Amino acid sequence: MKDIMQLLVDEFTGFFGIHHWMEMFQSGDYHSLLTWKGIQAALSPLIPVLLLIELVRGSLYRTFKVENYKMSFLIYIVNRFISRYLSIGAVAFCIGLLENHGLFTTSLTWYWFLYGYIVWEFAHFVYHYLGHKVRLFWCLHSTHHAPEDMNLSVTYAHFFLEAPYADIIRTTICLLLGVTPPLLFLIMFIDGTWGAFIHVGENLLKDGRLGSFNKILLTPSHHRVHHAKNPLYMDTNFCNLLPIWDKAFGTLQQEEKEIKIEYGISRQIRRGHFGDAYFGEFYALFLDISRAPGLINKILYVVMPPGWSHTGDHKTAKVVRRNYLQQATGEPATPVG
């Protein structure tokens, strides 16, 4: 019983990221706050605390629904046991393999930081774009899009193999373009914190545009659009903090006030069902492969975008969005993506 209680305490403190604060309180030594590592550890409770505030506000305003958080927390619990170290291992493997093969070497200066962040955003864009445009990678990424409500718990909803796949792509690109591990880890921390924050729900932040910041940053409003299944919003806003590559590749989409966001994925899933959210896309892919005639078509189902069909009756995000725009304007439109 004692071991079980200790495990629960460890999981609680681990989730809220308060180990560092507890150590400082017990020792009375706060000098670590003068170091970058200490600052990182001190800021780690930020997103969990915001999530707690979001839950409390939702309860006070009677907008809290258990089903809006249930799936994300179930996924988080499962992932804690089966993928705790996979992502760390993937990053370490890439560093060991590629650190000495970059085009040049950066350092921890402000100008290299700006360069590194632009490179990181490009690497994130590549991973994220592939996650929506390659059916196998969508199977890994779709778990994150399955929740039908936007709130901070969604940041914890990922298939356990997505983080290693994402970090292999992002770390590889960054290292080959000269971003050194110390600079990479700094950028990953900042980007990870912002990437969690942009999932904030309306219970905590009604208008996610953040005023004038909406013009220069990728805000919660942009990311709410990204998680929407509305035809206009599908497969847009792939960046994380700086929307420079969405602008460059034409995938930036603003939130339209007159369009109510519908969250989730286009495939009909059972609301709040862990198994369907976690494995449903793999099962759907398996069915498509098994029914496809010929080896080439079977392979194409794996590598083509979700919604592609060997019959030619495609329902990809590109086709759905194009048809929507044609109906809305009465004219042929150039689709995003």
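As for the overall build of the chain
Assigned secondary structure in the chain consists of 15 helices and zero strands. Restricting the contact set of the chain to residue pairs at least 6 apart, pairs at least 24 apart contribute 69%. If you sum the accessible surface of the chain, you get close to 17700 Å²; carbon and sulfur atoms cover 67% of it.

Examining the packing of aromatic side chains
Under the counting rule described, the total for this entry stands at 22 aromatic pairs. Here Trp112 and Tyr115 contribute two aromatic rings whose centre-to-centre distance is 5.4 Å and whose plane-to-plane angle is 80°, an arrangement assigned as edge-to-face. Within this pair, Trp112 and its partner Tyr115 are both found in helix H7 (residues 110–133), separated by three residues, close to a single helical turn. Ring plane angle 25° and centroid distance 5.0 Å describe the contact between Phe274 and Tyr278, whose orientation is recorded as stacked. Taken together, the positions of Phe274 and Tyr278, both in helix H13 (residues 274–291) and four residues apart, correspond to about one turn of that helix. Look at Phe274 and you get partly exposed, because its relative accessible area is 22%. Pairwise contacts between aromatic rings join Phe122, Phe125, Tyr129, Phe238, Trp245 and Phe249 into one cluster.

A short note on the environment of Val302
Position of Val302 relative to the elements: it lies in helix H14 (residues 295–303). The class for Val302 is partly exposed, based on a relative accessible area of 23%. Excluding anything up to four places from it in sequence, Val302 contacts Val134, Arg135, Leu136, Leu285 and Ile289.

Some points on the side chain of His124
Within the secondary structure, His124 is located in helix H7. Side chain to side chain, His124 and Arg170 meet in a polar contact 3.1 Å long. In this structure, His124 is in contact with Arg170, Phe238, Cys239 and Asn240, ignoring residues within four places of it in sequence.

Looking at the pattern of salt bridges
Evaluation of the coordinates by the stated rule reveals nine salt bridges. Two residues, Glu202 and Lys206, come together in a salt bridge whose shortest N-O distance is 3.5 Å. According to the relative accessible area criterion, Lys206 is exposed, its value standing at 63%. A salt bridge links Arg267 to Glu281, with the shortest nitrogen-to-oxygen separation between them at 2.6 Å. Linking Arg267 in the loop between helix H12 (244–249) and H13 with Glu281 in helix H13, this pair joins segments that are 14 residues apart in sequence. Classification of Arg267 by relative accessible area gives partly exposed; the value is 24%. Taken together, the shared-partner salt bridges in this structure form one network comprising Arg267, Asp276 and Glu281.

Comments concerning the side chain of Glu121
Along the polypeptide, Glu121 turns up in helix H7. Buried charged residue Glu121 carries no salt bridge. Nearest counter-charge: Arg170, at 8.4 Å.

Thoughts on unusual backbone geometry
The backbone of Asp235 shows a phi angle near 55°, a positive value even though the residue is not glycine. You can see Asp235 is positioned in the loop between helix H11 (220–226) and H12. With a phi close to 60°, Asn237 is a non-glycine residue in the positive phi region.

Cut-offs applied
Residues numbered from 1 in each chain as written. Predicted model: local features only at pLDDT ≥ 70, side-chain atom pairs only at ≥ 80, totals over all residues. Heavy atoms only, no water. Helix = DSSP H or I, 4+ residues; strand = E, 2+ residues; numbered from the N terminus. Contact = heavy atoms within 4.5 Å. Areas by Shrake-Rupley, 256 points an atom, 1.4 Å probe, with all protein chains shown as cover. Phe/Tyr/Trp six-rings, centres within 6.5 Å; stacked < 30°, edge-to-face > 60°. Buried < 20%, exposed > 50% of the residue type's maximum accessible area, 1.4 Å probe, protein only. Polar contact = N/O pair within 3.5 Å; in protein donor to acceptor, adjacent residues only side chain to side chain. Salt bridge = Lys/Arg side-chain N within 4 Å of Asp/Glu carboxyl O. Lys, Arg positive; Asp, Glu negative; His and termini not counted.

Spatial relationships are all this shows, so hold off on functional conclusions.
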